Amino acid sequence: MAKFSLDDADDDPPVATARDKRKRDDGPADAEDEPPRARGSAVAGREPAAPGAEAEAAGRCGPAEEMADGEVEGGLSVQIDPDVLDCSICFESLRPPLYQCQNGHVACFSCWSKLSNKCHICSRDAKFARNIALEKIVESIKSSCSYAKWGCCKFINYAQRDAHEEACLFAPSMCPISNCGYRGFTGRWSGHFLTSHSSDVMRFNYSQPFEVNIEVSVPFLVFLGEDDHLFLLLNNNLTPFGHAFSVVCLRSGNLNWMFSYQIEATSRKKPENRLQLKASVTNTRQWTGIYPSEAFLLVPFDFCHSSNIVLNISIERHAVV
């Protein structure tokens, strides 16, 4: 089994779409505080970690996870430009079966079936045949995830790299602020929000109740925990019933902590009337406009009689045993 070093030249974590990820020069720039990715990495695209991240990842990744069932050990180490592993028509990773014309121009099976026996490079009639040797090479290549320096231990078939990285737990989360476009990682949010959205975030300490005053038309508020975990207080307008409030955590990486929260709403007319919810925080990699349906605090429209709703909130942090 050969092991390959993928000569990735991009300086940022890859975008989650295969076409952009394969076309190295077209990806959007990421936040300036993220460490650049190194070129010419050692094994299968493995990159040097950010300070402290390598040791942390090593504590989570055992030797069996660093290799694909031990197949890499003792193999041949080479470097290869990852663009040569992409179909020249659709720019997706080559996946067997692979076909070539009599001049050696290769197309993936999906594109080959649409060529009508005319080579896309030769621009003339061609007789396509299977390229078994290239299929074996493609099937033998395994790569670490692009988010290895952030803690992902997976060592995967290169053809499946796109699908894995789109769903990878360690991929960056999108900033929830409209039209921002920043992609961040758990533990690195404070710099971005203090620089770009200082008026849009509220900092808090775990287990310490705090009060928020939210306009009924605002879809969410942003909270930043003392450990840099990012939370959203979601406000779902359920006409004609009221507002459904819940808390989610935007996080990537290992889920070493569990979170729970408590929300309390008090009637302005009768302060002795209160609504309260205790629930677990829902984890999500990015806010897509989908509200949690299992647990939420429903505050009827008539409960507050105002364009604003005052809530008392407490968020608890629990170590995963």
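The notes below deal with the structure included here. Bear in mind the structure is a predicted one, so any value in this text is a computation, not a measurement.

1. Description of the environment of Ile177
Point 1. Looking at where Ile177 falls in the secondary structure, it is placed in the loop between strand E8 (173–174) and strand E9 (183–184).
Point 2. A relative accessible area of 17% means that Ile177 is categorised as buried.
Point 3. Taking the C-alpha atoms as reference points, Ile177 and Phe193, 16 residues apart in sequence, are found 9.8 Å from one another.

2. Structural notes on the side chain of His243
Point 1. By secondary structure assignment, the location of His243 is in strand E14 (residues 242–250).
Point 2. For His243, a relative accessible area of 4% corresponds to the buried category.
Point 3. A distance of 2.9 Å separates polar atoms of two side chains, one belonging to His243 and the other to Asn235.
Point 4. With residues up to four places along the chain from it excluded, the contact list for His243 reads Val216, Asn235, Asn236, Asn237, Leu297, Leu298, Val299, Phe301 and Ile309.

3. Remarks on the nonpolar core
Nonpolar side chains in soluble globular proteins tend to be buried together.
Point 1. Ranked by size, the top nonpolar core spans 26 residues in total, and within it Phe223, Phe231, Leu233, Ile263, Leu311, Ile313 and Ile315 carry the most contacts.
Point 2. Where this core is concerned, the elements lending two or more residues are strand E11 (210–215), strand E13 (230–238), E14, strand E15 (257–266), strand E16 (274–280), strand E18 (297–300), helix H8 (301–304) and strand E19 (308–319).
Point 3. The residues touching Leu233, leaving out its near neighbours within four places in the chain, are Val212, Pro219, Phe220, Leu221, Phe223, Phe245, Ser246, Val247, Ile263, Leu311 and Ile313.
Point 4. Counting 15 residues, the second largest nonpolar core, distinct from the first, contains Trp189, Phe220, Val222 and Leu224.

4. Points about the sheet that holds strand E4 (residues 106–108)
Point 1. With antiparallel pairing, the three strands of this open sheet are ordered in space as E4-E3-E5. At either margin of the open sheet sits one strand with a lone partner, and together these are E4 and strand E5 (129–130).
Point 2. Of the pairings in the sheet, the one linking strand E3 (residues 98–100) to E5 comprises two bridges and is antiparallel in character. Residue pairing in the sheet places Gln100 in a bridge with Ala129 of E5.
Point 3. Packing against the sheet, helix H5 (residues 132–140) makes contact with E3, E4 and E5, and its axis sits at approximately 140° to E3.

5. A closer look at the environment of Leu277
Point 1. Secondary-structure assignment places Leu277 in strand E16.
Point 2. By relative accessible area, Leu277 is classed as buried at 13%.
Point 3. When the C-alpha atoms of Leu277 and Leu298 are compared, they prove to be 9.1 Å apart, with 21 residues separating the residues in sequence.
Point 4. Dropping the residues within four chain positions of it, Leu277 is found in contact with Phe245, Tyr261, Gln262, Ile263, Ala295, Phe296 and Leu297.

6. Some words on the pairing of E13
Along any regular strand, the residues point their side chains to alternate faces of the sheet.
Point 1. Among the nine residues that make up E13, seven are buried, leaving the element largely enclosed by the rest of the structure.
Point 2. Where strand E12 (residues 220–224) and E13 come together, five bridges link them in antiparallel fashion. Bridge pairing in E13 links Phe220 to Leu234.
Point 3. As paired elements, E13 and E14 share nine bridges and run antiparallel to each other. Residue Asn235 lies in a different strand from E14, and its bridge partner there is Phe245.
Point 4. In this antiparallel pair of consecutive strands, E13 and E14, the connection spans three residues.

7. Here's the deal with the sheet that holds E11
Point 1. With antiparallel pairing, the four strands of this open sheet are ordered in space as E11-E19-E15-E16. Each edge of the sheet is formed by a strand with only one pairing partner; in this case those strands are E11 and E16. Put simply, the sheet's adjacent strands are angled 25° from each other on average, direction ignored.
Point 2. Note: E11 against E19, six bridges, orientation antiparallel. By the bridge assignment for E19, Val212 is matched with Leu311.

8. Observations regarding the packing of aromatic side chains
Point 1. The tally for this structure, following the rule as stated, stands at 12 aromatic pairs.
Point 2. Ring centres of Tyr206 and Phe231 lie 6.3 Å apart, and the angle between their planes is 75°; this geometry places the pair in the edge-to-face category. Linking Tyr206 in the loop between strand E10 (201–203) and E11 with Phe231 in strand E13, this pair joins segments that are 25 residues apart in sequence. As far as the burial class goes, Tyr206 and Phe231 line up, both buried.
Point 3. Through a chain of ring-to-ring contacts, three or more aromatic side chains come together here, namely Phe204, Tyr206, Phe210, Phe223, Phe231 and Phe259.
Point 4. Over the face of the ring belonging to Trp257 we find Arg317, whose NZ or CZ atom lies 4.3 Å from the ring centre.

Conventions adopted
Residues numbered from 1 in each chain as written. Predicted model: local features only at pLDDT ≥ 70, side-chain atom pairs only at ≥ 80, totals over all residues. Heavy atoms only, no water. Helix = DSSP H or I, 4+ residues; strand = E, 2+ residues; numbered from the N terminus. Buried < 20%, exposed > 50% of the residue type's maximum accessible area, 1.4 Å probe, protein only. Polar contact = N/O pair within 3.5 Å; in protein donor to acceptor, adjacent residues only side chain to side chain. Contact = heavy atoms within 4.5 Å. Core = buried A, V, L, I, M, F, W, Y, C linked by side-chain atoms within 4.5 Å. Pairing = 2+ DSSP bridges. Axes fitted to C-alpha atoms, helices over the stretch in contact; angles between N-to-C directions. Phe/Tyr/Trp six-rings, centres within 6.5 Å; stacked < 30°, edge-to-face > 60°. Lys NZ or Arg CZ within 6 Å of the ring centre and 35° of its normal.

Purely geometric numbers; function is a separate question.
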